[in-house]
Amino acid sequence: QTNLRVFVSSQHRPDVWRKAFDMYEAKNANVKVTIETGGNTSEQQAQYLNTVMTAKDTSLDVMILDVIRPAQYAAAGWTVPFNEVLGNDAANYMKRYLPAYAEANTVDGKIVALPAFADAMFLYYRKDLLEKHGIQPPQTWDQLAAAAKKITEAEKDPNLQGLSFQGRAIEGAVCTFLLPYWSMGKQLVSDGKLSFDKETAVKSLKLWKDFVDQGVAKKNIAEVATDDTRKEFQAGNVVFAVNWSYAWGQFQGAESAVKDKVGVVKLPAVQGGQSASCLGGWEWGVSAYSNNKTEAQKFVQFLSSPEVSEFMAINAALLPQFPEVYTDADVTKAVPWFASARPVVETAKARPVTPRYNEVSEIIRTTVNAVLAGQQTPEEGATQMEGRLRRVLR
Amino acid sequence: MATASETTLVRAPSESGTKWWTRFLDPSERTLAVLLLMPAALLLTLIIVYPVCRLIWTSFQNLSLTSGVPASFAGLENYALMLEDPVFWETTWNTVLITLITVPGALLVGLGLALMANLPFNVKWPVRLSLLIPWALPLSFAGLIFAWFFHSEYGVVNDVLRRLGIEGVIWFNSANWAFAAICLTIIWKTSSFMALIILAGLQTIPRSLYEAAEVDGAGRFRQFFEITLPLLKPSIVVALIFRTITALQTFDIPYTMTRGGPGTSTATLAMYIHQNTVDFLDLGYGSALAVVMFALSMGVTAVYLRMIRAKG
Amino acid sequence: MSHDTPANQSILSGKPLRILIGFILVVNGMFPALWILFTSLKTEAELTVKPITWLPHAPTIANYLRAFTDQPLLLFLFNSFMVAILSTALTLFISVLAAYALARLQIRGRDLILSAIIAVSTFPLVTLLVPLFEIMRALGLLNTWVALILPYTVLSLPVCTLILVSFFEGIPRDLENSAMIDGCTRIGALFKVVVPLSAPGVFTAGILAFVNAWDEFLLALSFNSNPMLRTLPVGITLYQGEFAFPWPVISAALVVGIVPVAVLIVIFQERVVSGLTSGGIKG
Amino acid sequence: MSSVSFRKLEKSYGALRIVKGIDLEIEDREFVVLVGPSGCGKSTTLRMLAGLESISGGEIRIGERVVNKLPPRERDIAMVFQDYALYPHKTVYENMAFSLKVRGIPAAEIKPRIAQAAEMLGISQLLDRKPSQLSGGQRQRVAMGRAIVRRPQVFLFDEPLSNLDAKLRGQVRTEIKRLHQAIGTTIIYVTHDQVEAMTLADRIVILKGGEIEQVGTPDEVYNNPASVFVGGFIGSPAMNFAKGTIRGGRVAFDGGSHIPLTAKAAGKAQGLEGREVVVGIRPEHFVPAGEGHGLSGRVQVVEPLGSDTLIHFAFGSATLTARVAPELRPHPGETLSIGVDPSRIHLFDAATERSLA
Amino acid sequence: MSSVSFRKLEKSYGALRIVKGIDLEIEDREFVVLVGPSGCGKSTTLRMLAGLESISGGEIRIGERVVNKLPPRERDIAMVFQDYALYPHKTVYENMAFSLKVRGIPAAEIKPRIAQAAEMLGISQLLDRKPSQLSGGQRQRVAMGRAIVRRPQVFLFDEPLSNLDAKLRGQVRTEIKRLHQAIGTTIIYVTHDQVEAMTLADRIVILKGGEIEQVGTPDEVYNNPASVFVGGFIGSPAMNFAKGTIRGGRVAFDGGSHIPLTAKAAGKAQGLEGREVVVGIRPEHFVPAGEGHGLSGRVQVVEPLGSDTLIHFAFGSATLTARVAPELRPHPGETLSIGVDPSRIHLFDAATERSLA
Ligand SMILES: Nc1ncnc2c1ncn2[C@@H]1O[C@H](COP(=O)(O)OP(=O)(O)OP(=O)(O)O)[C@@H](O)[C@H]1O
Ligand SMILES: Nc1ncnc2c1ncn2[C@@H]1O[C@H](COP(=O)(O)OP(=O)(O)OP(=O)(O)O)[C@@H](O)[C@H]1O
Ligand SMILES: [Mg+2]
Ligand SMILES: [Mg+2]
C-alpha cells in the first residue's frame, strides 16, 4: 500500500483532479492519493512549497508547478528527473507534447517534470466593434494601434480604451516585454547563456510606451494587472486585450457585458516578425524527499497522459498539452473555442528556462513597470535590464 | 465580640504544622522571579532564539539553492556582497525613510486619536470601535484595500479629489506619489496601535493632577505638555519601540500596493529579504540581509531603551 | 471620572465640537470597513463603472451566499477564533507572570531581561519561517492549532509584557500588600488584585494579541495545509483565482471576519471602564 | 477684591443632593474654617469654589465676579488638596515652581520664593526628590508649599495638616496664621481638627449634611452653640448631653437629680414648664464636688491624658465625660461625685435640638 | 502566643539606614503606640512586622515564632494602612469580605461579621459603594472595618484615624479601646495624635530617626520624659523649653529671672553648679501669677480654644506657651505675669539633652 500526497493548485479545479486521481486509484489498488493545497495563486503556492521543500519535508510526493519553476526546483535538487524511468525512450517520450513544453521541462538534458496542462496568451478583441467598423483582426502591432485609434475615435466613448495589457510589476509584465522581443526573432537565453539584444529590448519597451503615449493604452497602465485587463474588457471598456486563456470563460459568463461579442486570435507580430505568445501552464514534479519516488513517477506519467489531458479539457476547461487533443471530437464539443486556441498555443514560447528565473523575472517586470510609469526611458530601462541580467546569468 | 472558637478559626499554622508544599507558594524573590520568567524564556528560546542562531549560521554560508552548488562556508562574503548591491542600499534607504516618516506620523495621529477618544463621549463604543477597526483589518488586505483606494480610476481618493475639483494623480506611476500613498496607508493602519497603547496610558493619569494644574493656572496646552505628555512617556516609548520595529520590517503594505514599483522605488528591505529567500532561494544572502535588519532594529531599540533608562 | 467637570469641559469644550470629533474618529476608523461592506453588496460589474459608485446601486447578498458556499467560511472563522483566543490567553498568562516579575521583584539585570525580550521581537518571523517549520515538524505539531498558537504568542509577548509592566508599576504596592496580609500568596495577590486593577492594560494587551493572531497569514499558510485547519486570512485568499480577485465576494468574507472582532471589542470595552484605579487609596 | 460669597449653592450627583443650598459671605482677608462630619460636603464645596466641580445651583462670587463658569486657572486661587495631587514626574522644586513658571514669573524670582517656602515647611533638603520618594507627611508639606509660593487671592486648604505629627502640625499651623497676618489673603480652610478650627478661624462654618448649621467666631460657636449638633461637634472632648425636663426653674433628670437654672436661663425657660430639654455640659465645666451643683454617677472609663484626666461616668442613660486635673484618677466602678456650674450649662429644645438660649 | 518582639531590628535602603536597631518586647494583649516625627520609620517598622518589607538585620518574633522569613499571610495579622489601600474594584462589602473569603470562611458566617463591623463603624449604608464613591473619612472607616472583621492575632494600625473628624475620631478611638478590651488582641498602633497615644496605649514607644528614644506607659513618658525630644514631642501644646544655668540651687535665666529648685531636684543637681541646663515647663503647669514662682514676658499670640486659652509669650530668647483658663485673654504686646510651680519643672542636660531627673 502506497500513500501519495499530491500538492494541487487550488485555483485549477482540485475537485476535477480528484476524479482523475480516483481513476488511477481504481486501476492501482495499492495506491492511495491524498490532496494537499496551499494558497490560491502561483505565488502563494511557491511560498508554501519553498518552505516545505527547504525544510526537506518527506510527507509530500508529487507537486504541481507553474511552468516557470521546474528548472528552479531541479537546480535546488528538490525534484527527481524522469530520465531513469523513461530510459532511452526519453527524447521520444517528450516529443508527444507541444514542443514548448518539452523545452520547458528539460534542463541540461534532464526531464525535470512532466506537463500537466497548457496555457498561453491570446489577443481578445471586440468582434462586434471590429465588424461595425469593418476592420479585420490585426496581424501586427501597428495594425492594432491603427485599428484601436480608429474605433475609439469613432465611438466617442471616453471610457473606451484601445488596448489593455499588463504593466504592473507582476509576472504578466515579463510576458508583456517578451511578446514583441520574441516576435523580432530574438531570444533572451540560449543554451543557458544570456543572449540579450539590447536594441530589440529598447524597441519592445518603446512599442508599449508608445501605446501609452499615443493614447491606445491607458495612462495608468503601470497599475494594470492581469485581472484588471479581464474586468475592463468584460465591462465593455476595451477593444483589444492581451490575456491568458482563463479570460475566455469569464467573458462568456452571465455577468459579462461582452458575451458573444468576443473574438480571439493569436497575438500580433512586430512588422516583419513572427507572432509569438507567452507560454503558461503547469507541470507535475516528484519531490526529491519523497519516500515513494518510483510510485510517484509512475503516477505522474499517468497524470501527464493524453487520457487525463482530454479528461481535464472536457471537465475543467484546461488547455491540453498534446496537439491532437485539441481536435478530439469530445473536446471540441465541450469547449469549441479550443479550436481557435491551438494555433496560438503552438506559437507560444517558454520563458527562459533557468534556475534563476525568479531573478530574471524580477528584473524584467520592474523595468517594464518603471518604463510604463514613465520613470525610465526605454533606453535607460534596457540598459539597466541588461546590466542586471548579466549579473544573474553570467 | 469574639469567642474563643472564632479566634482559632484564622490561626496561622504553627511552624511544625506547615505543609511542606506551602513552601513553594512563597519562594524567595529570586526564585519567584526565575519561575515567573521561565515560561516566557522557554517559549522565546524555542520560537526565536534557536531559529535565529540557525539564521545567523546560514548567513555565513554560501547557500543558494538555485546555484546547483552545494553549501559551503563563506565567511563574510555575503556581507561583502551586500555593500556592493545597489538594491540593498536602495531598499534599506526606503525602509529607513518609511520608518522616519510613518513612525512620527503614526505617533502624532495616534496621540490625536487617543486624546480624542478619551473625551467623555456619551456613547463610547463607536469611538473605541473605530479606533480598533483599522488595526483589526488583516494587514494583507489593508494593503489591497488601500491600493484600490488609491487606484487612479476606480479609487475613492481620486474620486473625492475630483468631486472637490482637483485632478487626481496616477499614484502608482510616480515614485514619490506611490511612496506617499504607502506612507499614508501605513500611518492609517498603525496609528490605531499607537492610539490604543496611549489611550491605556491616558487612563492611568489621575484626574486630580489636572485639577492641581488647572488651579496652578496651566491652560490646556500647558497641561498637555506638562502633565499629559510626561506621564504618557512610558506608554509612548513602548508604542514607539514596537512601531519602529514593525516599521523596519515593513512588508505587506508596499508588497500588496506597489510590489515595490514603479521599478524598485518603493521596495523595502523586508521585501528584498523575502525576495532573496523565498523567490530566489538564496538563503545565504537572504539570511545575511535578515541579520543586518536585525542589527538595525536592535540598534534602534537600544536607543529607545537608553532613553527610558536615562529618565527612569 | 465619569462626570463632567468644568475643567474637562473647557479642555475640549462644547457638545458640537465633541460630536464633530467623534465623527472624524468614526470616519477615519470605519471608512475602509464601510467601503468593504458596500462593496460586498455590489456586483462585480459595478466595480468597473466610471465614475465610481459609493453606495451599491442594486444591493445583493449573493456575495455572502457565495462566500459561505464556495468555501467553509464558518470553519475558517472557528479556526481563527480558537487560535486567536487560545494564543491570547497564553500570551496574557505568560506576559502577566513575566511583567509582574519585572515590575515588582528586585531582580538584578532587570533592564537587560527587558531588553532581551524586546530584542527577540526585532527578528521578523518571516525570515524564520523555514527553521520554525522544521521545529514544528519535529514536534509533530504541523497541522494543529498549537503550531500557530506558539508563534503567535511569541509575536505578541514582548509588547504585552511591556504594556503590563507599565501598568503594574502604576498599581500602588499597598493594595497588593493588603491582599497578602488578607491571606493571599504573591501570585494570589497578583491575580486577585493587581490584574483586575490593570484591566485597561490587560484589555489593551489582550486586544493586541488577539488581533495579531487574527491577522497573521504566512505562518498559517505554511504550517497548516490541512483544509480543516485553515484560518480566516488564509481562507479568504482561497476566493482568489490565479489571476482573478473577486472583490465583492472577498469583501463579504472580510465583513464576516471583522464582525466578531468588532463584537468582541464592544463587549470588552463596556467592561473596561476607565479610571478603575482611582479612589482606592488616599493619594 | 477677594471676598468670596456663596449664594444658594447646590451640588447634586444625579439624584443625590450633596450640598443643599449654602449661603455665606466671606470678607476680604477673612480666615474662614469649614468643619463638619465626614461626608458632609466640605471638600465638595471647596472644589466648587475652585472650579473643579460644576455647580448644580446657586452662585459663587470671588470679589465682584460671578465665577460659576470660570475655569479654575482664571479664579486666582491656590489649593492644597486632601490627596496632595503632586506631580509625580516633577521634583519637589519643580512641583513648587510650576504655577510660577506657568504665570511667567522670571526664574530669578522663583528660586528665592521657593527657598523661603521650603525653609518654612522644613523641606529644603527634599527639593530634588520626586514625590514617590517622600513619606506621607513630607508629601503633604510639599503640597502646602506649592500653594504658598503662589500668593493668590484666595487660599483653599483641604485638611492640609491631617498627616503631620502634632509638633509639626502646631508649627505649620502657627506659620499659616502668621502667613495670613502677613499677606492677608482670604483663606478658606477645611479641617476636622478642633484646635486648628478654633485657633485659626476668624469665623467657623459648621456644615451638616450639606447645610450650614451655624456660622460664627470661634468664641460664638464654642460658647453659644446654636444646636445640639454644633455643641457636640465643636469642642474636644465633646460636650455632654443629658435629657431632662424643666420643672419649677430647675432641670430635672430621670433618677431624681436636678440642676437649678440661673435667673437668666430661667427667664428664657419661662412658659416651657414641663418641656423636655437637652442639657449640654462641656467636660471642662465640671468642677470639684461641692464647688458647683452636685451630680454623681458610676465611673466607667478613665483616660489619663497627662495634662488632664478624662472621666467617663454613667448618668442616667447617658455617659458623661468630665475633664479634671491629671492627679484625679478614680477607678472604674467607683461612684463619682462631681459638681456643675449652673451658669455654664446649655439648654436645647429636645424636639428641635435648637438652642433655647 | 501573640506577643511580639523586635531584636536589633534594622532596615536600610541601600546605604540609607532608616531603622537603626530597635529592641522592643511587646506582651500578649498589650496595646503599644508608636509615635515619632514624620519620616522617623514608624510605618517602615510596622511594615517589617507585617512582612511587607524585608528585614535588613535583627529579628522579629510573633509569639515564639521568628517570622523574619514568613510571608504576610502566615503571620495572622491585620493591618490598616496609612493610605487605606482599599481594593478599588470591589465594593465596600467585598473589600471587607475578601480576607475572609480567601481564608475559606463560609459566606453564611461572613455576612453577620461584616454587618456587625459595619454597624460599629457607621458604614452600613455604604456597603454597596465602590471606594471611589466615598469621602476620605469614609474610606478610612472601611479600611478599619476590613481589618476588624479578620480578628487576627495582632492588629497593626498605621494612623488609622488621621482623616476622621474629631467627634468620629473620639468615637472610633473608644471603639478601638473597647475592641481591645473585648478580644484582647495585641495591637501596635502608629499615630501622631497625642490624645490617641495617651488614651489608647498601654505603653508608648517614641521613635526618633529610626531609634527608640523612650518606652514607657503614658504617664511615664508624660511625666518623666527621658529627653528634651520626648518632652517636646509628647503633650500638646508642646512642652516649653528655656536655657538656664544652675546657680546656687536655682536655675538662672538670661535676663535675670530664675526658678528655685525643689529640694529633690536640688539634690540631683548637686555637682552641677554652673552647668547649662534646659528647663522644660508644660503649658498647663503655669499657674496664675502669685500662686507659683513668678515669670513675666511680652504676649505675642493669644489662641482661644474655647475650653482654654493658649498664650504665647516671649521669655528671653524663647517663646513659651501657657495654657490658661478660657476667660483669660491678654492682648498681644501686653506684659504677662505668670507663675510656675517649681515642683513641676523638668531639667535636662543642655549638652546631651537627656533628663537630669
Ligand atoms: N462622584 C460621586 N458620586 C456620588 N457621591 C459622591 C461622589 N463624590 C463624593 N460623593 C459623596 O459626597 C459626599 C460629600 O463628599 P465630600 O468629599 O465633600 O466630603 P467631606 O466633607 O470632604 O468629607 P471628609 O471629611 O471625609 O473628607 C460624601 O457622602 C461622598 O460619599
Ligand atoms: N523606597 C524608599 N527608598 C528610600 N527611602 C525611603 C523609601 N521608603 C521610605 N523611605 C524613607 O524612609 C523614611 C521613613 O519612612 P516611613 O514611611 O517609615 O516614615 P513614617 O515615620 O511613617 O512617617 P509619616 O508619619 O510621615 O508617615 C522616610 O524618610 C522616607 O523618606
Ligand atoms: Mg474631604
Ligand atoms: Mg507613615
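Residues numbered from 1 in each chain as written. Chains lettered and ligands numbered in written order. Predicted model: local features only at pLDDT ≥ 70, side-chain atom pairs only at ≥ 80, totals over all residues. Heavy atoms only, no water.

## Here's the deal with the overall build of chain B
Here's step 1: Each helix and strand in chain B was counted, giving 14 helices and 2 strands.
Here's step 2: Relative to its full complement of 312 residues, chain B shows a buried share of 61%.
Here's step 3: Contacts spanning at least 24 positions in sequence make up 68% of the contacts within chain B whose residues lie at least 6 apart. (Helix = DSSP H or I, 4+ residues; strand = E, 2+ residues; numbered from the N terminus. Buried < 20%, exposed > 50% of the residue type's maximum accessible area, 1.4 Å probe, protein only. Contact = heavy atoms within 4.5 Å.)

## Regarding the overall build of chain A
Here's step 1: Within chain A, the secondary structure is distributed over 18 helices and 13 strands.
Here's step 2: Taking 394 residues into account, the globule formula puts the C-alpha radius of gyration at 21 Å, and chain A, at 21 Å, falls close to it.
Here's step 3: When burial is assessed residue by residue, chain A has 65% of its 394 residues classed as buried.
Here's step 4: Look at the contacts in chain A between residues 6 or more apart in sequence, and 73% of them connect residues 24 or more apart.
Here's step 5: Carbon and sulfur atoms provide 48% of the accessible area of chain A, an area that totals close to 13800 Å².
Here's step 6: Of note, chain A has its 43 positive side-chain charges centred 2 Å away from the centre of its 44 negative side-chain charges. (Rg over C-alpha atoms; globule rule 2.2 N^0.38 Å. Areas by Shrake-Rupley, 256 points an atom, 1.4 Å probe, with all protein chains shown as cover. Lys, Arg positive; Asp, Glu negative; His and termini not counted. Charge placed at Lys NZ, Arg CZ, Asp CG, Glu CD.)

## Considering helix α2 (residues 92-102) of chain E
Here's step 1: Listed as buried for α2(E) are V92(E), N95(E), M96(E), A97(E), F98(E), S99(E) and L100(E).
Here's step 2: On its buried side, α2(E) packs onto α8 (173-181) and α9 (186-197) of chain C together with α3 (107-121) and α4 (136-148) of chain E.
Here's step 3: Backbone geometry just downstream of α2(E) places G104(E) in the positive-phi region, at approximately 75 degrees.

## Considerations on the interface of chain C and chain A
Here's step 1: Opposite the 25 residues of chain C that make contact, chain A presents 30 residues.
Here's step 2: Interface area, chain C with chain A, both sides summed: about 2400 Å², of which 54% is carbon and sulfur.
Here's step 3: Applying the counting rule to chain C against chain A returns 1 salt bridge.
Here's step 4: The partner of D57(A) in a salt bridge is R137(C), with the nearest N and O atoms 3.5 Å apart. (Buried area = accessible area lost by both parts, 1.4 Å probe. Salt bridge = Lys/Arg side-chain N within 4 Å of Asp/Glu carboxyl O.)

## Observations concerning the sheet that holds strand β19 (residues 335-340) of chain D
All names here are of chain D.
Here's step 1: The 5 strands lie next to each other as β15-β19-β16-β17-β18, forming an open sheet whose pairing is antiparallel. Since the sheet does not close on itself, it has two edges, and those belong to β15 (286-288) and β18 (318-324), each with one partner. Taken over all neighbouring pairs, the strand axes of this sheet differ in orientation by 55 degrees on average, direction set aside. (Pairing = 2+ DSSP bridges. Axes fitted to C-alpha atoms, helices over the stretch in contact; angles between N-to-C directions.)

## Some points on the environment of L139(B)
Here's step 1: For L139(B), the location among the structural elements is in helix α7 (residues 139-149).
Here's step 2: Note: C-alpha distance between L139(B) and L196(B) (57 residues apart in sequence) is 17 Å.

## Digging into the site of ligand 1
Here's step 1: Looking at ligand 1, there are 20 residues lining it, with S38(D), G39(D), S43(D), T44(D) and G137(E) nearest.
Here's step 2: The environment of ligand 1 is shared, with nearby residues belonging to chains C, D and E.
Here's step 3: The side chain of S43(D) places a nitrogen or oxygen atom 2.5 Å from an oxygen atom of ligand 1.
Here's step 4: In isolation ligand 1 has 640 Å² of accessible area, and contact with the protein removes 86% of it.
Here's step 5: A class-by-class count of the residues in the shell around ligand 1 yields 5 nonpolar, 12 polar and 3 charged. (Near = heavy atom within 4 Å. Polar contact = N/O pair within 3.5 Å; in protein donor to acceptor, adjacent residues only side chain to side chain. Nonpolar A, V, L, I, M, F, W, Y, C, P; charged D, E, K, R; others polar.)

## Some thoughts on the site of ligand 2
Here's step 1: Around ligand 2 sit 17 residues in total, of which S38(E), G39(E), S43(E), T44(E) and Q82(E) are the nearest.
Here's step 2: Taken together, the residues near ligand 2 originate from chains D and E.
Here's step 3: Between ligand 2 and G39(E) there is a distance of 2.8 Å, counted from an oxygen atom to a backbone nitrogen or oxygen.
Here's step 4: Within the side chain of S43(E), a nitrogen or oxygen atom sits 2.5 Å from an oxygen atom of ligand 2.
Here's step 5: For ligand 2, the protein covers 78% of the area, taking 640 Å² as the surface of the free molecule.
Here's step 6: Secondary structure elements with two or more residues in the shell around ligand 2: α4 (136-148) of chain D together with β2 (16-26) and α1 (42-50) of chain E.
Here's step 7: Counting residues per element, the shell around ligand 2 draws most heavily on α1(E), which supplies 3 residues.

## A word on the UniProt feature "domain: ABC transmembrane type-1" (unreviewed entry) in chain B
Here's step 1: On the UniProt side, "domain: ABC transmembrane type-1" (unreviewed entry) is annotated at positions that read residues 92-304 of chain B here.
Here's step 2: Across residues 92-304 of chain B, the secondary structure splits into 77% helix and 0% strand, with the terminal C-alpha atoms separated by 20 Å. (UniProt positions renumbered as here; feature names shortened; annotations may be inferred.)

## What about the interface of chain C and chain B?
One frequent convention defines the size of an interface as the accessible area lost when the parts assemble.
Here's step 1: Contact with chain C, which involves 99 residues of that partner, is made by 86 residues of chain B.
Here's step 2: Summed over both partners, the interface of chain C with chain B buries about 8700 Å², with 78% contributed by carbon and sulfur atoms.
Here's step 3: Area buried by chain C at its contact with chain B is led by L25(C), T122(C) and F123(C), which between them contribute 8% of it.
Here's step 4: Summed over the shared surface of chain C and chain B, the result is 1 salt bridge.
Here's step 5: The partner of R54(B) in a salt bridge is E134(C), with the nearest N and O atoms 2.5 Å apart.
Here's step 6: Seen at the junction of chain C and chain B, the total is 3 residue pairs in polar contact (both at pLDDT 80 or more).
Here's step 7: Residues belonging to the side of chain C that touches chain B are distributed by class as follows: 68 nonpolar, 21 polar and 10 charged.

## Considerations on the state of the cysteines
What makes a disulfide is a covalent bond joining the sulfur atoms belonging to two cysteines.
Residues and elements named next belong to chain A.
Here's step 1: For the structure on display, the rule yields 1 disulfide over all chains.
Here's step 2: Here C175 engages in a disulfide with C278; their sulfurs sit 2.1 Å apart. Residues C175 and C278 are joined through a disulfide that is left-handed, its torsion about the S-S bond being -60 degrees. You can see C175 sitting in helix α9 (residues 171-183) and its partner C278 sitting in strand β12 (residues 277-286), a full 103 residues away along the chain. C278 matches C175 in its accessibility class, with the two residues each being buried. (Disulfide = S-S within 2.5 Å.)

## Focus on the side chain of S245(A)
Here's step 1: In this structure, S245(A) sits in the loop between β10 (238-244) and α12 (246-251).
Here's step 2: Leaving out residues up to four positions away in the same chain, S245(A) has contacts with D119(A), A120(A), F122(A), Y124(A), L319(A) and W337(A).

## Examining the packing of aromatic side chains
In this description, an aromatic ring pair is defined by two values, namely the gap between the centres and the angle between the planes.
Here's step 1: If you walk through the whole model with that rule in mind, you get 67 aromatic pairs over all chains.
Here's step 2: Among the aromatic residues, ring-to-ring pairing joins F146(B), W148(B), F149(B), F150(B), W171(B), W177(B), W188(B), F31(C), W35(C), W54(C), F245(C) and W247(C) into one connected group.
Here's step 3: The side chain of R259(B) reaches across the aromatic face of Y255(B), ending 4.5 Å from its centre.
Here's step 4: The positively charged end of K42(C) is found above the aromatic ring belonging to W35(C), 4.9 Å away from the centroid. (Phe/Tyr/Trp six-rings, centres within 6.5 Å; stacked < 30°, edge-to-face > 60°. Lys NZ or Arg CZ within 6 Å of the ring centre and 35° of its normal.)

## Regarding the UniProt feature "transmembrane region" (unreviewed entry) in chain B
Residue and element names in this part refer to chain B.
Here's step 1: As recorded in UniProt, the sites labelled "transmembrane region" (unreviewed entry) are residues 32-57, 96-117, 129-150, 170-188, 231-251 and 285-305.
Here's step 2: Helix makes up 100% of residues 96-117 and strand 0%. Its end C-alpha atoms lie 30 Å apart.
Here's step 3: Helix makes up 100% of residues 285-305 and strand 0%. Its end C-alpha atoms lie 30 Å apart.

## Things to note about the pairing of strand β11 (residues 240-247) of chain D
Residues and elements named next belong to chain D.
Here's step 1: Sheet topology note: the β11/strand β14 (residues 276-281) ladder contains 6 bridges and is antiparallel. Counted as the bridge partner of N240 is I281 from β14.
Here's step 2: Two strands pair when backbone bridges link them, and β11 and strand β12 (residues 250-253) are joined in this way by 4 bridges, in the antiparallel orientation. Residue pairing across strands places T245 opposite A252, the latter belonging to β12.
Here's step 3: If you look at the hairpin formed by β11 and β12, you'll find 2 residues sitting between the two strands, and G248 has a positive phi there, around 60 degrees.

## Brief notes about the sheet that holds strand β4 (residues 57-62) of chain D
Residue and element names in this part refer to chain D.
Here's step 1: With respect to topology, 4 strands assemble into an open sheet ordered β2-β1-β4-β5, the strand pairing being antiparallel. If you trace the sheet from one side to the other, it starts and ends with β2 (16-26) and β5 (65-66), each paired once.
Here's step 2: Across 2 bridges, β4 lies against β5 in antiparallel orientation. Bridge pairing in β5 places R61 opposite V66.
Here's step 3: Running at roughly 115 degrees to strand β1 (residues 4-13), helix α1 (residues 42-50) makes contact with β1, β2 and β4 of the sheet.

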